[in-house]
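So you can see what is in the structure, the chains are spelled out below.
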Amino acid sequence: MRLLAVLCFLALATSVVVSKPTQEKKGRVHQGKDLSDHQHDDNKDFQYDHEAFLGKEEAKTFDQLTPEESKERLGKIVTKIDKNQDGVVTHQELKDWIQQTQNRYIYENVNKHWSDYDKNGDDRIAWEEYKNTTYGYYAGEEFNDLPDKETYRNMMKRDERRFKQADKDGDMIATRDEFTAFLHPEEFDYMKDLVVKETIEDIDKNGDGFVDVNEYIGDMYSTESDEPEPDWVKSERQQFSDFRDLNKDGKMDHSEISHWIMPPDYDHPDVEAKHLIYESDKDKDDKLTKEEILDNWNMFVGSQATNYGEDLTRRHDEF
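Residues numbered from 1 in each chain as written. Predicted model: local features only at pLDDT ≥ 70, side-chain atom pairs only at ≥ 80, totals over all residues. Heavy atoms only, no water.

Trainee: Quick question: what am I supposed to make of the packing of aromatic side chains here?
Mentor: Each aromatic ring pair is specified by the distance between its two centres and by the angle formed by the two planes. Scanning the entire structure with this criterion turns up 15 aromatic pairs. Here the aromatic rings of tyrosine 117 and phenylalanine 179 are separated by 5.5 Å at their centres, their planes lie at 55°, and the arrangement is tilted. Here phenylalanine 179 lies in helix α10 (residues 176-183) and tyrosine 117 lies in helix α6 (residues 104-117), a separation of 62 residues in the sequence. When its relative accessible area of 5% is taken as the criterion, tyrosine 117 is described as buried. Given a relative accessible area of 1%, phenylalanine 179 falls into the buried group. Through pairs of rings, three or more aromatic residues link up here, namely Trp114, Tyr117, Trp127, Tyr130, Phe163, Phe179 and Phe182. Directly above the aromatic system of tryptophan 114 lies the positively charged group of arginine 176, at a separation of 4.3 Å from the ring centroid. (Phe/Tyr/Trp six-rings, centres within 6.5 Å; stacked < 30°, edge-to-face > 60°. Helix = DSSP H or I, 4+ residues; strand = E, 2+ residues; numbered from the N terminus. Buried < 20%, exposed > 50% of the residue type's maximum accessible area, 1.4 Å probe, protein only. Lys NZ or Arg CZ within 6 Å of the ring centre and 35° of its normal.)

Encoded structure:
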């Protein structure tokens, strides 16, 4: 029972592209989201930039700070953004920060469960630690005590393959970033091919490496009688023909599935990072010093310094 409970959690935590409601096809599609609900108009205000740089919730807190407090905390943030501590923030470092800010809920989820897997407390998670925590002694016994042992064997093999892909240096010991890529592969560019491969494995019932229209529909809808297909299913069949099967050969290959579940999209973090650098880079070297960022602090974090209240008591140790 313990293994089954853990595997239920695992299915929710690690298999983002599976275990979705059968009628909700959008569950497989990973589209980039805008960085703020506000219009990006610097002539009006910098609220879009604030939420892009800080995240929506943190931007609300910064709105309550005095300019002095905002600048002080911004300085600490800049130190974190400058990962190699060379004194300047590059476009890539700023883009990475914005991306991490927007995905803060993901990192918080990873941190919440980190200690469940990091058994030796070295702030890294080895494959053996993850495997033993998730599958326990059943893995060593080849799942022979379980009635559906092949399913569990395949799940563990799939987990190991994903772990290896997430583990950039190949030592089978994951840092927090690597473990986050393992749990949420759709958020990391170097994991996206594997997301496509896993999607094909989930849907491709005849094992030919492609997804035909019936497999595509079967991933969303199954009928238990001779009742006619609902209109939305007929519409999905047309979607497959018109927009999914790009080369019109009656099936989707790896490239077409990639285009479907991860469509080409406007790279919001990339564009915002370029915008912030353009507006703040006084010496036009395409990099930002801490001084340049602090000189333009109002665009990055702003400060309305109004409605002082409980937000001021929140701790910001992470900064």
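Trainee: Looking at this structure, I do not really get the side chain of glutamate 215. What am I missing?
Mentor: Along the polypeptide, glutamate 215 turns up in helix α12 (residues 213-218). Despite being buried, glutamate 215 has no salt bridge partner; lysine 205 is the closest side chain of opposite charge, sitting 8.1 Å away. Excluding residues within four positions of it along the chain, glutamate 215 makes contact with Ile203, Asp204, Lys205, Asn206 and Phe210. (Lys, Arg positive; Asp, Glu negative; His and termini not counted. Salt bridge = Lys/Arg side-chain N within 4 Å of Asp/Glu carboxyl O. Contact = heavy atoms within 4.5 Å.)

Trainee: Looking at this structure, I do not really get the packing of helix α5 (residues 91-102) against α6. What am I missing?
Mentor: Relative orientation and spacing of two packed helices are given, respectively, by the angle between their axes and the distance between those axes. Viewed as axis vectors pointing N to C, α5 and α6 meet at an angle of 70°, and their least axial separation amounts to 4 Å. By the angle between their axes, α5 is roughly perpendicular relative to α6. Across from Gln100, Thr101 and Gln102 in α5, the residues of α6 making contact are Arg104, Tyr105 and Tyr107. Residues belonging to the contact of α5 with α6 are distributed by class as follows: two nonpolar, three polar and one charged. (Axes fitted to C-alpha atoms, helices over the stretch in contact; angles between N-to-C directions. Parallel < 35°, antiparallel > 145°, perpendicular 65-115°, else oblique. Nonpolar A, V, L, I, M, F, W, Y, C, P; charged D, E, K, R; others polar.)

Function cannot be inferred from these measures alone, as they are strictly geometric.
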